[in-house]
Amino acid sequence: IYSREHRKMSQLFSLLVLLALSLCVLETSCREWPVPYVRHQSRPSENPYCKAQYAFCPTGYSDGHFPEMAKDDTIEVFVLKAPVWEFKFGDLLGDFNIMHDAIGFRSMKTGLNYTTEWYELFQLFNCTFPHVVKDRSSPLWCNQGAACLYPGIDDNHWKANGTLTKVAEMNGAQFNQLAEYIHWDNKTGLYYETWRVHNSTGPNSTVWFNPYDCANYVIRVFEYMGRALGVNFTKDYQANYTFISLISDMPQFLANESDIFGPNKTNATLAAEIMDFYSNFQAHQSILHFLESLVRAFDDVFLKKEFYLYYNSAYWLLPMKKPYVRLSYEYVPFVRP
């Protein structure tokens with residue numbers, strides 16, 4: 001009897017496992033959250049349509065490589081912060097804690113300083129929303145980002161409206177290891193992601209997607225320094241970072257970009273809906289068209305409660321909920337050995 005009942009229970013368990021696996025295939029509930037950021041083998045060339053208003057890394061090493069330091073050197077490490085678009089608006093965005101982040105290094109042996117930062121190749125708006133171009137059937141993204149290293153630390157720039165604070169020291173050997181990590185990071189992490197997406201504004205919210213931006217660059221470099229290199233950070237500085245968040249229930253995976261807009265696309269309605277959504281977020285519009293787009297965008301995000309997110313070359317539908325969008329300036333602790 002025991003054997004017969006045991007077989008029945010085993011069969012029932014097997015059926016339940018198969019059912020669960022089937023549901024995982026059909027639903028997004030079994031996905032890993034937050035969705036891991038996809039790294040790449042090489043950097044593709046950009047579409048000629050993508051043009052930068054301001055040159056990327058004009059005075060530095062745009063491939064992100066670092067000079068080699070003497071192993072017995074002592075390297076000071078600095079947190080650098082300044083308001084976003086300070087060159088245009090001064091401290092205005094700093095009043096709302098919308099800050100750009102970077103890292104400074106100073107060699108005690110040579111006296112030379114360096115600054116490294118990660119930012120978009122074609123300005124922030126182009127990385128956040130694609131171009132909807134006439135006679136093109138798919139969104140055109142200009143969303144690459146990269147690390148820049150350049151000689152010197154502009155003390156006046158960082159101190160005027162932001163932060164220039166020493167947070168650690170490391171030796172030259174550790175710095176050279178960090179340089180290798182940053183070079184790898186720059187060759188494989190290619191695409192800027194503006195949004196953090198999570199399900200609430202509470203402290204224990206579920207994060208669906210993490211951003212990949214200037215702040216995330218500084219966070220992961222400091223994390224590597226603490227976790228992999230054993231660098232000790234000061235306890236006297238609280239590191240805060242700007243996050244622009246979308247608030248939604250569990251995202252729905254739609255399809256990869258090639259499946260929606262490629263030559264073998266099977267859902268023309270979805271493709272049209274995505275194009276229509278992004279048409280509401282186009283720069284260089286007349287005032288009348290801008291107001292019309294603003295109304296349509298409000299209708300999509302706040303009334304229909306829908307937002308199409310592009311992440312890892314795929315599209316997701318976000319079921320938006322209050323408060324929909326949130327700007328925050330949050331503490332992220334240093335990783336300590």
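Residues numbered from 1 in each chain as written. Predicted model: local features only at pLDDT ≥ 70, side-chain atom pairs only at ≥ 80, totals over all residues. Heavy atoms only, no water.

Caption draft 1: Molecular detail of the pattern of salt bridges. Under the criterion given, the structure shown has 13 salt bridges. Residues Glu-76 and Lys-166 are paired through a salt bridge, measuring 2.9 Å at the closest nitrogen-oxygen approach. One end of the pair, Glu-76, is in strand β1 (residues 74-83); the other, Lys-166, is in strand β5 (residues 163-171), and 90 residues separate them in sequence. Of the residues examined, Lys-166 reaches a relative accessible area of 35% and is grouped as partly exposed. The shortest N-O distance in the salt bridge between Arg-196 and Glu-330 comes to 2.5 Å. (Salt bridge = Lys/Arg side-chain N within 4 Å of Asp/Glu carboxyl O. Helix = DSSP H or I, 4+ residues; strand = E, 2+ residues; numbered from the N terminus. Buried < 20%, exposed > 50% of the residue type's maximum accessible area, 1.4 Å probe, protein only.)

Caption draft 2: The arrangement of empty space enclosed by the protein in detail. By the definition in use, this model includes one cavity of 30 Å³ or more. Estimates place the volume of the largest cavity at around 90 Å³. As for the largest cavity, its lining consists of 13 residues, and the residues nearest its centre are Cys-127, Thr-128, Trp-141, Glu-193 and Tyr-310. Elements supplying a minimum of two residues to the lining of the largest cavity: α3 (124-128) and β10 (306-311). Residue contributions to the lining of the largest cavity peak at four residues, all from β10. Its residues placed into classes, the lining of the largest cavity shows nine nonpolar, three polar and one charged. (1 Å grid on protein atoms, 1.4 Å probe; cavity = no way out; pocket = protein on both sides within 12 Å on 5 of 7 lines; lining within 4 Å. Points joined across faces, edges and corners; volume = space filled by probe spheres on them. Nonpolar A, V, L, I, M, F, W, Y, C, P; charged D, E, K, R; others polar.)

Caption draft 3: View of the sheet that holds β5. Across the sheet, which stays open at both edges, the five strands sit in the order β4-β3-β2-β1-β5 with antiparallel pairing between neighbours. Sheet topology places β4 (145-151) and β5 at the edges, where each strand pairs with a single neighbour. Across the sheet, the mean angle from the axis of one strand to that of its neighbour is 25°, orientation sign disregarded. Pairing of β1 with strand β2 (residues 99-107) involves nine bridges; the strand directions are antiparallel. Residue Pro-83 lies in a different strand from β2, and its bridge partner there is Met-99. Most of the contacts of helix α5 (residues 172-188) go to β5, to which it runs at about 115°, and overall it touches β1, β2, β3 (113-120), β4 and β5. Strands β1, β2, β3, β4 and β5 of the sheet are contacted by helix α6 (residues 214-227), whose axis makes an angle of about 40° with β2. (Pairing = 2+ DSSP bridges. Axes fitted to C-alpha atoms, helices over the stretch in contact; angles between N-to-C directions. Contact = heavy atoms within 4.5 Å.)

Caption draft 4: Here's a closer look at the layout of surface pockets. Space inside the second largest pocket adds up to approximately 550 Å³. Taken together, 28 residues form the lining of the second largest pocket, with Asn-210, Asn-216, Ile-219, Arg-220 and Glu-223 sitting closest to its centre. Counting only elements with at least two residues in the lining of the second largest pocket, the list comes to α6 and β8 (240-248). A per-element tally of the lining of the second largest pocket places α6 first, with eight residues.

Caption draft 5: Expanded view of a nonpolar patch on the surface. A contiguous nonpolar patch, built from Tyr-54, Trp-85, Phe-87, Phe-89, Leu-92, Phe-96 and Leu-327 and spanning about 730 Å² of accessible area, is present on the exposed surface. If you trace the backbone, Phe-87 turns up in helix α2 (residues 86-89). (Patch = residues over 30% accessible without salt bridge, like charges linked within 9 Å, V, L, I, M, F, W, Y side chains within 5 Å. Areas by Shrake-Rupley, 256 points an atom, 1.4 Å probe, with all protein chains shown as cover.)

Caption draft 6: How the structure looks around the pairing of strand β11 (residues 314-331). Two strands pair when backbone bridges link them, and β8 and β11 are joined in this way by eight bridges, in the antiparallel orientation. Looking at the pairing, Asn-240 lines up with Tyr-331 of β11. Strand direction decides the pairing type here: strand β9 (residues 252-256) and β11, joined by four bridges, are antiparallel. For Asn-256, the partnering residue across the bridge sits in β11 and is Ala-314. In terms of strand pairing, β10 meets β11 through six bridges, oriented antiparallel.

Caption draft 7: Examining the state of the cysteines more closely. Applying the stated criterion across every chain, the model contains two disulfides. The side chain of Cys-50 participates in a disulfide bridge whose partner is Cys-142; the two sulfur atoms lie 2.0 Å from each other. Classification of the bridge connecting Cys-50 and Cys-142 rests on its S-S torsion, roughly -80°, and on that basis the disulfide is left-handed. Of the two residues, Cys-50 is situated in the loop between α1 (2-26) and β1 and Cys-142 in the loop between α3 and β4; the sequence distance between them amounts to 92 residues. For Cys-50, a relative accessible area of 8% corresponds to the buried category. Using a relative accessible area of 1% as the deciding quantity, one classes Cys-142 as buried. A sulfur-sulfur separation of 1.9 Å characterises the disulfide bridge that pairs Cys-57 with Cys-148. Disulfide Cys-57-Cys-148: torsion about the S-S bond near 75°, hence right-handed. Note that Cys-57 is positioned in the loop between α1 and β1 and Cys-148 in strand β4, a separation of 91 residues in sequence. An identical accessibility class is assigned to Cys-57 and Cys-148; each is buried. Cys-214 carries a free sulfur, and the closest cysteine sulfur to it, the one in Cys-127, is 11 Å from it. Exposure remark for Cys-214: the relative accessible area of 10% places this residue in the buried category. (Disulfide = S-S within 2.5 Å.)

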